[in-house]
Amino acid sequence: MAAAPAISMIGTRAMLFEAPGDFTMAHQRRVWALMDAAQARSDVCELIPGVTNLMLIFSAPPERPQAVAEWLCHAWNTLPERHIEGHLFEIGVHYGGTLGEDLAAVCAHSGLPAQDVISIHHSSEYTVCAIGSAPGFGYLHGLDPRIATPRKTVPSLNMQAGTVIIGGMQAGISALTGPNGWNSIGFTDLRVFDPTKQPPALFAVGDRIRFYPESIEL
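Residues numbered from 1 in each chain as written. Predicted model: local features only at pLDDT ≥ 70, side-chain atom pairs only at ≥ 80, totals over all residues. Heavy atoms only, no water.

Novice: Whenever I open this one, the packing of helix α1 (residues 25-39) against helix α2 (residues 65-78) confuses me. Can you help?
Specialist: Think of two packed helices as two axes; the pair is described by the angle between the axes and how far apart they sit. Direction vectors running N to C along α1 and α2 enclose 130 degrees, while the axes themselves pass 9 Å from each other. Judged by the angle between their axes, α1 and α2 are oblique. Here α1 runs over α2; the crossing is right-handed. Facing His27, Arg30, Val31, Leu34, Ala37 and Ala38 of α1, the residues of α2 in contact are Trp71, Leu72, Ala75, Trp76 and Asn77. Partitioned by chemical class, the residues of the contact of α1 with α2 number eight nonpolar, two polar and one charged. (Axes fitted to C-alpha atoms, helices over the stretch in contact; angles between N-to-C directions. Helix = DSSP H or I, 4+ residues; strand = E, 2+ residues; numbered from the N terminus. Parallel < 35°, antiparallel > 145°, perpendicular 65-115°, else oblique. Left-handed = near helix turned anticlockwise from the far one by under 90°. Contact = heavy atoms within 4.5 Å. Nonpolar A, V, L, I, M, F, W, Y, C, P; charged D, E, K, R; others polar.)

See the structure below:
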């Protein structure tokens, strides 16, 4: 029997739907399908998709939360996956150096030399599954399991915006300068969040990213 989703109220006006299973694109596309279906509900005023989860914010506290939960489970079990054809971004990376200082930790964890880690990292195509944790930050699916590396136990206190990072099975680009527990392997000059632009976030859900090496400093 397939595992059931976890559904819980967050306060009185929000409900969190958490998909069962691993972080796969199949699960993420079903979350996107659920998001579309929930958008049509008159009692929902905002939807926030996450990594294999969806937050529903209601215009008023639901009178029958269990009925909403049952609707979500039925939709999850019956809706087909939703495919989003986003933009493709090709992003140059300065691998290694002082702004990619955790490359050595990724090498140590994976047992691979730096050149192999870099090659594996930029040979994949990544999909933006969700935007969150910081304005404009995209959670990327597509990291090769060979270089997946757990987040650091002691975060960097001042990681620069534009740092190319790995956290567990996810990849990303830091959107803001500040504390960060992901592993830095390089840096891009691309600005992924600019509050003076409309929209301020460069990426949207469904966009695709390919990295390529602009320089390598080992």
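Novice: Hey, could you run me through the sheet that holds strand β3 (residues 44-50) in this one?
Specialist: In sheet architecture, strand pairing relies on hydrogen bonds along the backbone and comes in two forms, parallel and antiparallel. Spatially, β1-β2-β4-β3 is the arrangement adopted by the four strands of the open sheet, whose pairing is antiparallel. Single-partner strands in this sheet number two, and they are β1 (6-10) and β3. Along the sheet, successive strands turn relative to each other by an average axial angle of 20 degrees, direction set aside. Two elements, β1 and strand β2 (residues 14-18), share five bridges in a ladder whose sense is antiparallel. Bridge pairing in β2 places Met9 opposite Met15. Of the strands in this sheet, β2, β3 and β4 (53-58) touch α1, which is tilted by about 175 degrees from β3. On top of the sheet, α2 reaches β1, β2 and β4; it is set at about 30 degrees to β2, its chief contact. (Pairing = 2+ DSSP bridges.)

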